[in-house]
Amino acid sequence: MPFARISLLKGKSPDYIRTLSDNVHRALVEAFDVPADDRFQIVEQLEPGALVYDRTYFSGRRSDDFVLIAITAGRPRSTAVKRQFYQRLAALLSEAPGLRPDDIMVVITTTERDGWSFSNGLAQLAVEEVA
Amino acid sequence: MPFARISLLKGKSPDYIRTLSDNVHRALVEAFDVPADDRFQIVEQLEPGALVYDRTYFSGRRSDDFVLIAITAGRPRSTAVKRQFYQRLAALLSEAPGLRPDDIMVVITTTERDGWSFSNGLAQLAVEEVA
Amino acid sequence: MPFARISLLKGKSPDYIRTLSDNVHRALVEAFDVPADDRFQIVEQLEPGALVYDRTYFSGRRSDDFVLIAITAGRPRSTAVKRQFYQRLAALLSEAPGLRPDDIMVVITTTERDGWSFSNGLAQLAVEEVA
């Protein structure tokens, strides 16, 4: 159900990108109540000048490795679950590809269950309506 | 009012892209209550590795033709209207450019009417406020 | 707290892009109640054909300089504040880089305060929960 857009500066290896993508998804599965096969991501590598970010706003110091992870989620989660997800994500991305937690930013947007069609013209998550 | 971001893998012809764009808009007009000239889209063609998606989560099988259509809408629609839109979209994109319905995914995010400024520093859709 | 995605056609100079980025942020600071160092943006330059827009829907006439500014905000603002922001943005971008107000479109999406993690696995804006 979630869709994650992962934005960072150009110049990383395919291995780095794959590990980043894998661990963003792993954090969603382990701490955000997402099924393992519910994986939809775009990894956007940007030219310098196209990714603009303050180096110190709510961060010790952001480096050129800064990653902005924008998640569109299909149903609300509690603040407690969001906190767990942020922590798990920071821990996993520190391990691999070796990001500093100061460089990891997340924005979560929540939509409605009937706002998702995974395929075939169906609203697979919509709850039945009562007439 | 809607803004559609259409993401797919690189390698399609300009004709294919134009047809895809046209029929996404046509489905919005025919089934999502959108004026014909209210058309704003970005078509994002991605390198392999930059578009990550599960092949079978709520789909018979996604191919390399997979398209993710993220729509930002300016006012809520009922589940019934969303269902109609998904169905019409799948029907039209099957006809042209010939997408398999298994390859069509949609995510709708809803904003507020006063969240849109189409031009000239105005909030054209805002309902008048009572003081 | 806000994240701004600024989309336009390819072909502008780095100076033009920097001025555009600066003045989008300045309008947020001056009229949308955003701290000066709370700056996160992506500037997306697109090929012709990848940015599709109606030339006259709620606009005198859009040119090839059309800019679509999609803002993700962390808390609600009143219609009055949004109106002020649209006006200030149009005024500043007219001055530099010299955009015509007919070419400036904005879409604002609002998330929740606990939907933001700026770094370090923390939800810096979350209001404390009562158990």
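Notes on the structure in this doc start here.

Scoring rules and cut-offs
Residues numbered from 1 in each chain as written. Chains lettered and ligands numbered in written order. Predicted model: local features only at pLDDT ≥ 70, side-chain atom pairs only at ≥ 80, totals over all residues. Least-squares fit on C-alpha atoms with pLDDT ≥ 70 in both. Contact = placed C-beta atoms within 7 Å. Helix = DSSP H or I, 4+ residues; strand = E, 2+ residues; numbered from the N terminus. Nonpolar A, V, L, I, M, F, W, Y, C, P; charged D, E, K, R; others polar. Pairing = 2+ DSSP bridges. Buried ≥ 20, exposed ≤ 12 C-beta atoms within 10 Å, placed from the backbone.

As for the relation of the copies chain C and chain A
Phase 1 of the analysis: Once chain C has been moved 0.0 Å along the axis and rotated by 120 degrees, it coincides with chain A to within an RMSD of 0.0 Å. Classification of the inter-copy transformation places it as that of a three-fold axis. Among all residues of chain C, the one whose C-alpha sits closest to the rotation axis is C:Thr109, at a distance of 4.9 Å.

Structural notes on the interface of chain B and chain C
Phase 1 of the analysis: Each partner contributes to the interface: chain B provides 28 residues, whereas chain C provides 28 residues.
Phase 2 of the analysis: Ranked by residues supplied to the side of chain B that touches chain C, first place goes to strand β2 (residues 40-46) of chain B with 5 residues.
Phase 3 of the analysis: Here the residues of the side of chain B that touches chain C are counted per class, giving 11 nonpolar, 11 polar and 6 charged.
Phase 4 of the analysis: Summarising the sheet, β2(B) and strand β3 (residues 51-53) of chain C pair through 3 bridges and their orientation is antiparallel.

Quick look at the relation of the copies chain B and chain C
Phase 1 of the analysis: For the pair chain B and chain C, the superposition axis carries a translation of 0.0 Å, the fit reaches an RMSD of 0.0 Å, and the rotation angle comes to 120 degrees.
Phase 2 of the analysis: Both copies present different contact surfaces, since only 4% of the interface residues of chain B are interface residues in chain C too.

Remarks on the pairing of strand β1 (residues 3-9) of chain A
Residues and elements named next belong to chain A.
Phase 1 of the analysis: A large share of β1 lies buried, amounting to 6 of its 7 residues.
Phase 2 of the analysis: Of the strand pairs in this sheet, β1 and strand β4 (residues 67-73) are connected by 6 bridges, and their pairing is antiparallel. When the sheet's bridge partners are listed, Phe 3 is paired in β4 with Thr 72.
Phase 3 of the analysis: Where β1 and strand β2 (residues 40-46) come together, 6 bridges link them in parallel fashion.

Some remarks on the pairing of strand β5 (residues 104-110) of chain A
Phase 1 of the analysis: Judged by how many residues are buried, β5(A) sits mostly within the fold: 5 of 7 residues are covered.
Phase 2 of the analysis: In terms of strand pairing, β4(A) meets β5(A) through 7 bridges, oriented parallel. For A:Leu68, the partnering residue across the bridge sits in β5(A) and is A:Met105.
Phase 3 of the analysis: As judged from the 2 bridges shared by β5(A) and strand β6 (residues 116-117) of chain C, these two strands associate in the antiparallel manner. Following the sheet pairing, A:Val107 is matched in β6(C) by C:Trp116.

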